[in-house]
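Single-letter residue listing:
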Amino acid sequence: MSRSILKKVRDYREVVEAIDRATRKIPSLQVVEPGVVETEGERYPFYHLTLKGAKTGNPKTRPVYIGGGIHGDEPGSVWAVLEFLKRYSSLPDPYQRFEFTVLPCVNPFGYEHNTRENAARVDLNRQFKNPSPPAEVRYVKQAAANRPFSLAMEFHEDIDTPGFYLYELTQSGEPSWGCEMIARIGARYPVNRNQEIEGMPAEDGLIHRGNADDDFRIMLEQRPDWPQAFYHYANGSRRCYTTETPIHLTREERAEIHLTALDTALQKLWDI
Ligand SMILES: [Zn+2]
C-alpha cells in the first residue's frame, strides 16, 4: 500500500487534547515527552505519563503499566486509556494508591491512518527484542526502563473476534486473575469462547502462559520478534495482560471492557 492512498480517519489531536485536559485536572500527572515520531509528512509528539496517586508512598504502593494504541487500527485501546484519564480523579480510593506509567498511544501514525503498522510499515509489537527498534519502541522502553511492574496491562482490539478475550502471562507462583476479569466482562459483553484463538489454545476467552509452561519458555528464548508483553515479562513484571476487544461494539463499550479488566486486576493487586 503506498503512502499516498492512506487517508486520515482519526485525529491524534484528540489524544493531545485529552492529555491536556487531564493535566489540568490531575495535579500529580506528569507528562514526559521523550521525543517525536517523525514521518515524511507529520511530526507526532510522543507521550509517556506518570501518575502518582495521593495515597502512594506506603509499602503497598505498586507500579502499574498501562499501554494503548501500539496497533493503530485498534482505536478502542487508545480510547480506553483516554477514558481512564478522564475518570481518574473520581475513581475509588485504591486507585490513589498505585503508581501508573501510562502510554496512551504508542503508534500515533497508525492511530490517524487506521493501520496496524507505523508509517514505515513496521509492526511495533514485534520489535521488542530488536536492538535498534523504531523510535516508538525506544520511547516505550525508556518509559518502562526495564522495570518489573506488579501489573502490565496492554489494551488491544481484534477485528474479527466475536467477543472479548485476553492473553495472560504470569511469573511462576502468581495466581491467575484472567478468569475473574472474564466473569465480570462476560456478565455484560460477549466473550470469545472458542477453544483456539489466534492459533493458541484458549479456555473461555483466556489464553494463559507462564513460567510453568516449558514450550513458552523455549519460545521466549527463540522467538526474535517479541511483542511488548514479552519485554515486560522478561523484565520480571509479575503479571502481563493483553486485553482484546471486538470492534463491532461501541467506543464506550470497548473502553468499558478494558477498564473493567484493569479494575479487576487492581482490586486483586491491592488485596495481596
Ligand atoms: Zn493488537
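For the structure itself, consult the block above.
Residues numbered from 1 in each chain as written. Predicted model: local features only at pLDDT ≥ 70, side-chain atom pairs only at ≥ 80, totals over all residues. Heavy atoms only, no water.

Peer 1: Talk me through the environment of Thr245; I want residue IDs and the actual numbers.
Peer 2: Within the fold, Thr245 resides in strand β12 (residues 239-246). Sequence separation of Thr245 and Val64 is 181 residues, and the distance between their C-alpha atoms is 21 Å. Discounting chain neighbours no more than four positions away, the residues touching Thr245 are His156, Glu157, Asp158, Thr161, Phe164, Arg254, Ile257 and His258. Here the side chain of Thr245 touches Glu157 through a polar contact of 2.8 Å, side chain to side chain. Reaching out from Thr245, the side chain makes a polar contact with the side chain of His258 at a distance of 3.0 Å. (Helix = DSSP H or I, 4+ residues; strand = E, 2+ residues; numbered from the N terminus. Contact = heavy atoms within 4.5 Å. Polar contact = N/O pair within 3.5 Å; in protein donor to acceptor, adjacent residues only side chain to side chain.)

Peer 1: Any chance you could break down the environment of Glu38 for me, citing the residues and the numbers?
Peer 2: By the secondary structure assignment, Glu38 is in strand β2 (residues 36-38). Looking at Glu38, the relative accessible area reads 56%, which means it is exposed. (Buried < 20%, exposed > 50% of the residue type's maximum accessible area, 1.4 Å probe, protein only.)

Peer 1: Give a description of the packing of helix α1 (residues 13-25) against helix α2 (residues 76-87) that names residues and reports values.
Peer 2: Relative orientation of the contacting elements α1 and α2 amounts to 20°, with a least axis distance of 9 Å. Here α2 runs roughly parallel to α1, going by the angle between their axes. Here the hand of the crossing between α1 and α2 comes out left-handed. Across the interface between the two elements, Glu14, Val15, Ala18, Ile19, Ala22 and Lys25 from α1 touch Val78, Trp79, Leu82, Leu85 and Lys86 from α2. (Axes fitted to C-alpha atoms, helices over the stretch in contact; angles between N-to-C directions. Parallel < 35°, antiparallel > 145°, perpendicular 65-115°, else oblique. Left-handed = near helix turned anticlockwise from the far one by under 90°.)

Peer 1: Hey, could you go over unusual backbone geometry for me, with residue numbers and the actual values?
Peer 2: Even without being a glycine, Asn114 presents a positive backbone phi close to 55°. Inspection of the secondary structure assignment puts Asn114 in the loop between α3 (108-113) and α4 (135-144). Despite not being glycine, Ala145 has its phi angle at roughly 50°, a positive value. Within the element layout of this structure, Ala145 appears in the loop between α4 and β7 (151-158). Using a relative accessible area of 46% as the deciding quantity, one classes Ala145 as partly exposed.

Peer 1: Give a detailed account of the sheet that holds β7, specifying residues and quantitative values.
Peer 2: Strand order in this open sheet of 8 strands is β1-β4-β6-β5-β7-β12-β8-β11, and the pairing throughout is mixed. Sheet topology places β1 (29-32) and β11 (206-210) at the edges, where each strand pairs with a single neighbour. Direction aside, neighbouring strands of the sheet carry axes that sit 15° apart on average. Pairing analysis gives 6 bridges linking strand β5 (residues 62-67) to strand β6 (residues 98-103), with the strands arranged parallel. Bridge pairing in β6 links Tyr65 to Thr101. Along the sheet, α1 makes contact with β1 and β4 (48-52), crossing β1 at roughly 145°. Most of the contacts of α2 go to β7, to which it runs at about 135°, and overall it touches β4, β5, β6 and β7. (Pairing = 2+ DSSP bridges.)

Peer 1: Quick rundown of the pattern of salt bridges? Include the residues and the values.
Peer 2: Inspection of every chain in the model, using the stated rule, returns 19 salt bridges. The shortest N-O distance in the salt bridge between Lys8 and Glu42 comes to 2.9 Å. With Lys8 in the segment before α1 and Glu42 in the loop between β2 and β3 (43-45), this residue pair connects regions lying 34 residues apart in the sequence. Here Arg87 ties to Glu83 by a salt bridge, and the two come within 2.9 Å at their closest N and O atoms. Here Arg87 pairs with Glu83, and both are found in helix α2, just 4 residues apart, close to one helical turn. The class for Arg87 is partly exposed, based on a relative accessible area of 25%. Members of the salt-bridge network, linked through shared partners, are Lys8, Glu42 and Glu112. (Salt bridge = Lys/Arg side-chain N within 4 Å of Asp/Glu carboxyl O.)

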